Amino acid sequence: MTQKKILDPARMDVLIAVLIALVSLTTALAAWRTNMVGSNAADANRQGLIDALKKGAAQNENWRKAYEEAGHAATFAIESAATEAMESSKDESLKAAAQNLRQYLLPSLQLLSEPLGTQKKYQKPDGTFDIEKRFADLEAEAPDLLALDPAASFELADRYSSEQRWLTIGTVLLAISLFWLGFAEMLSGRGRAINLVLGSGVYLFGLLFFIIVEIVAIFGRGGVL
């Protein structure tokens with residue numbers, strides 16, 4: 001095909017119109033994908049905040065419960081020692097008071113201190129209570145909350161945000177190609193051909209850039225779109 005036929009106005013009009021339509025569609029799809037990645041970043045960040053709040057609230061409650069049990073266990077130990085001392089006294093009134101304590105007070109305190117104050121696994125060699133171990137057991141009772149990983153969600157959000165920034169560059173490149181193709185549509189002759197080549201080149205580069213960014217980002221997330 002001769003250069004004259006390639007530069008034929010009718011052929012050029014059709015070619016430019018097809019390219020503009022193709023580039024417009026590609027740019028719209030690229031903008032949609034970029035927005036979707038941004039939405040995924042926001043969702044991941046929001047999920048990280050929710051998981052952090054859930055995990056923090058659960059941990060605070062578990063610490064509260066562990067220390068509450070420790071307080072009751074300490075009171076139980078003190079009252080038990082006092083009761084034993086009163087029982088060994090020769091004063092009958094003290095013995096009677098000790099009997100009342102053992103019958104009414106100590107059972108309630110013991111119940112409130114369970115299991116920290118009653119199970120040997122929570123007692124350290126020095127006689128103190130292993131509150132950390134009790135906390136760990138309370139955490140293990142809620143595996144769903146234990147499995148929450150806010151850091152992973154925040155990391156995923158960062159990955160999506162980084163991808164969105166690069167995809168935005170690719171989308172801008174695609175939009176710029178429309179600028180050159182628009183010039184090509186308005187011009188004629190050799191200037192038209194030059195702008196057509198420029199527009200097509202920028203489009204192909206932008207499309208390749210966009211695809212590479214997507215592939216790298218998806219592989220970086222382990223195949224997650």
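Residues numbered from 1 in each chain as written. Predicted model: local features only at pLDDT ≥ 70, side-chain atom pairs only at ≥ 80, totals over all residues. Heavy atoms only, no water.

Draft legend 1. View of helix α3 (residues 92–113). Between its first and last C-alpha atoms α3 spans 30 Å; for 22 residues at 1.5 Å apiece the expected length is 32 Å, and the two agree. The largest bend along α3 reaches roughly 40° and is located at R102. Within α3, the full set of buried residues consists of A98, L106, L109 and S113. (Helix = DSSP H or I, 4+ residues; strand = E, 2+ residues; numbered from the N terminus. Expected span 1.5 Å × (residues − 1). Bend = angle between axes of the 7 residues up to and from the residue. Buried < 20%, exposed > 50% of the residue type's maximum accessible area, 1.4 Å probe, protein only.)

Draft legend 2. How the structure looks around the packing of helix α2 (residues 9–87) against helix α7 (residues 189–220). Direction vectors running N to C along α2 and α7 enclose 25°, while the axes themselves pass 11 Å from each other. By the angle between their directions, the pair α2 and α7 is classed as roughly parallel. Crossing handedness for the pair α2 and α7: left-handed. Here P9, M12, D13, L15, I16, L19, L22, V23, T26, A30, R33 and T34 of α2 come into contact with α7, specifically with R192, A193, L196, S200, Y203, L207, F210 and E214. (Axes fitted to C-alpha atoms, helices over the stretch in contact; angles between N-to-C directions. Parallel < 35°, antiparallel > 145°, perpendicular 65-115°, else oblique. Left-handed = near helix turned anticlockwise from the far one by under 90°. Contact = heavy atoms within 4.5 Å.)

Draft legend 3. Structural view of the packing of aromatic side chains. Under the criterion given, the structure shown has 6 aromatic pairs. Ring geometry for W63 and F135: centres 3.9 Å apart, planes at 10°, overall stacked. Taken together, the positions of W63 in helix α2 and F135 in helix α4 (residues 131–140) put the pair 72 residues apart, joining distant regions of the chain. One aromatic cluster in this structure is built from W63, Y67 and F135. (Phe/Tyr/Trp six-rings, centres within 6.5 Å; stacked < 30°, edge-to-face > 60°.)

Draft legend 4. Looking closely at the packing of α2 against α4. Direction vectors running N to C along α2 and α4 enclose 135°, while the axes themselves pass 9 Å from each other. Judged by the angle between their axes, α2 and α4 are oblique. Considering how the two elements wind past one another, α2 and α4 form a crossing that is right-handed. Residues Q59, N62, W63, K65, A66, Y67, E69 and A70 of α2 form the contact with α4, whose participating residues are I131, E132, R134, F135, L138 and E139.

Draft legend 5. Focus on α7. Its 32 residues give α7 an end-to-end C-alpha distance of 47 Å, which sits within 8% of 46 Å, the value for a rise of 1.5 Å per residue. Within the sequence span of α7, burial applies to R192, A193, N195, L196, G199, Y203, G206, F210, V213, E214, A217 and I218. Along its buried surface, α7 packs onto α2 and α6 (150–186). Trailing α7 by a residue or two, G222 shows a phi angle of about 75°, which is positive.

Function cannot be read off these values alone, since they describe shape.
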